[in-house]
Amino acid sequence: MTKLELKIPPLLLVLIFATLMWLFQPFLPVKLYGQFVAQLLFVFFALVGGLIIFTGALAFKKAQTTVNPTKPETTSSLVKIGIYHFTRNPMYLGMACCLIGWGFYLSNPNAIIFILGFIFYINRFQIKPEEKILTDMFQQEFIDYCTSVRRWL
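**Some words on the overall build of the protein**
(1) Moving on: Within the protein one finds 5 helices and 0 strands.
(2) Moving on: What you see in the protein, going N to C, is helices and strands ordered as α-α-α-α-α.
(3) Moving on: The C-alpha radius of gyration computed for the protein amounts to 17 Å, which stays within 12% of the reference 15 Å derived for 153 residues, consistent with globular compactness.
(4) Moving on: With respect to the principal axes defined by its C-alpha atoms, the protein has extents near 50 × 35 × 25 Å.
(5) Moving on: When burial is assessed residue by residue, the protein has 39% of its 153 residues classed as buried.
(6) Moving on: Considering only intrachain contacts with a sequence separation of at least 6, the fraction spanning at least 24 residues in the protein is 83%.
(7) Moving on: Carbon and sulfur atoms provide 72% of the accessible area of the protein, an area that totals close to 8,900 Å².

**Describing the environment of Pro29**
(1) Moving on: By the element assignment, Pro29 lies in the loop between helix H1 (10-24) and helix H2 (35-62).
(2) Moving on: We classify Pro29 as exposed; its relative accessible area is 63%.
(3) Moving on: In this structure, the C-alpha to C-alpha distance between Pro29 and Ser107, residues 78 residues apart in sequence, is 8.9 Å.

**Let's talk about empty space enclosed by the protein**
(1) Moving on: Under the counting rule described, the total for this entry stands at 1 cavity of 30 Å³ or more.
(2) Moving on: Its boundaries defined by the atoms lining it, the largest cavity holds a volume of some 30 Å³.
(3) Moving on: Surrounding the largest cavity, Met21, Phe24, Gln25, Leu28, Asn108, Asn110, Ala111 and Phe114 form its lining.

**Notes on the nonpolar core**
(1) Moving on: Counting 34 residues, the largest nonpolar core has Phe17, Met21, Tyr84, Leu99, Phe118, Ile122 and Trp152 as the members making the most contacts within it.
(2) Moving on: Listing elements by their share of this core, those giving two or more residues are H1, H2, helix H3 (90-105), helix H4 (112-138) and helix H5 (140-148).
(3) Moving on: A total of 9 residues in this core trace back to one element, the largest contributor, which is H4.
(4) Moving on: Non-local contacts of Leu99, meaning those with residues more than four positions away in its chain, are made with Val14, Phe17, Ala18, Met21, Ile115 and Phe118.

**Some points on unusual backbone geometry**
(1) Moving on: Of note, the phi angle at Leu6 is positive, near 60 degrees, even though the residue is not glycine.
(2) Moving on: Looking at the secondary structure, you find Leu6 in the segment before H1.
(3) Moving on: Unlike most non-glycine residues, Gln64 shows phi in positive territory, near 55 degrees.
(4) Moving on: Among the structural elements, Gln64 can be located in the loop between H2 and H3.
(5) Moving on: The exposed category is assigned to Gln64, whose relative accessible area is 69%.

**Overview of the packing of H1 against H3**
(1) Moving on: For the pair H1 and H3, the least separation of the axes is 10 Å and the interaxial angle reads 15 degrees. On the basis of the axis angle, H1 is roughly parallel to H3. In this structure, the crossing between H1 and H3 has a hand that is right-handed. The segment H1 lies against H3, with Pro10, Leu11, Val14, Phe17, Ala18, Met21 and Trp22 engaging Tyr92, Met95, Leu99, Trp102 and Gly103.
(2) Moving on: For the contact of H1 with H3, the residue count by class is 11 nonpolar, 1 polar and no charged.

**Considerations on the packing of aromatic side chains**
(1) Moving on: Under the criterion given, the structure shown has 12 aromatic pairs.
(2) Moving on: Aromatic rings pair up to connect Tyr33, Phe44, Phe45 and Phe104 into one cluster.

**Examining the environment of Leu32**
(1) Moving on: By secondary structure assignment, the location of Leu32 is in the loop between H1 and H2.
(2) Moving on: Sequence separation of Leu32 and Phe104 is 72 residues, and the distance between their C-alpha atoms is 9.7 Å.
(3) Moving on: Excluding residues that lie within four positions of it along the chain, Leu32 makes contacts with Ser107 and Pro109.

Criteria and cut-off values
- Residues numbered from 1 in each chain as written.
- Predicted model: local features only at pLDDT ≥ 70, side-chain atom pairs only at ≥ 80, totals over all residues.
- Heavy atoms only, no water.
- Helix = DSSP H or I, 4+ residues; strand = E, 2+ residues; numbered from the N terminus.
- Rg over C-alpha atoms; globule rule 2.2 N^0.38 Å.
- Buried < 20%, exposed > 50% of the residue type's maximum accessible area, 1.4 Å probe, protein only.
- Contact = heavy atoms within 4.5 Å.
- Areas by Shrake-Rupley, 256 points an atom, 1.4 Å probe, with all protein chains shown as cover.
- 1 Å grid on protein atoms, 1.4 Å probe; cavity = no way out; pocket = protein on both sides within 12 Å on 5 of 7 lines; lining within 4 Å.
- Points joined across faces, edges and corners; volume = space filled by probe spheres on them.
- Core = buried A, V, L, I, M, F, W, Y, C linked by side-chain atoms within 4.5 Å.
- Axes fitted to C-alpha atoms, helices over the stretch in contact; angles between N-to-C directions.
- Parallel < 35°, antiparallel > 145°, perpendicular 65-115°, else oblique.
- Left-handed = near helix turned anticlockwise from the far one by under 90°.
- Nonpolar A, V, L, I, M, F, W, Y, C, P; charged D, E, K, R; others polar.
- Phe/Tyr/Trp six-rings, centres within 6.5 Å; stacked < 30°, edge-to-face > 60°.

See the structure below:
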């Protein structure tokens, strides 16, 4: 395990990457559409992302297991209900959707660099360590789940 694995809470990562997107916007100015379109796309992706996050958290609550992403070893059950039929990581997917919406709000297609950075970081330092722990805990059940449900979509 490296120093960054499971250390930075994903919600904090979203805030860090959103801030970077905002800070670098003036240095990479490219506007492809007007403010109304930007706001509309922001609201759409933020609502979709929020709904995905909410349904993922709700499934964890129904299964009575932890939603703490920095301590996956405290998981009490493997959640495969609801949205977990379609994606193994709905909360991270929802966060990525929110960042996509933020990128549209900034009206800067260069924000994709930071969205891809978020996805790379979450995959490497959050999801892969979580999956290793869950494989150790749930063994073949988790392996079977991984073969039937994609990591993102």
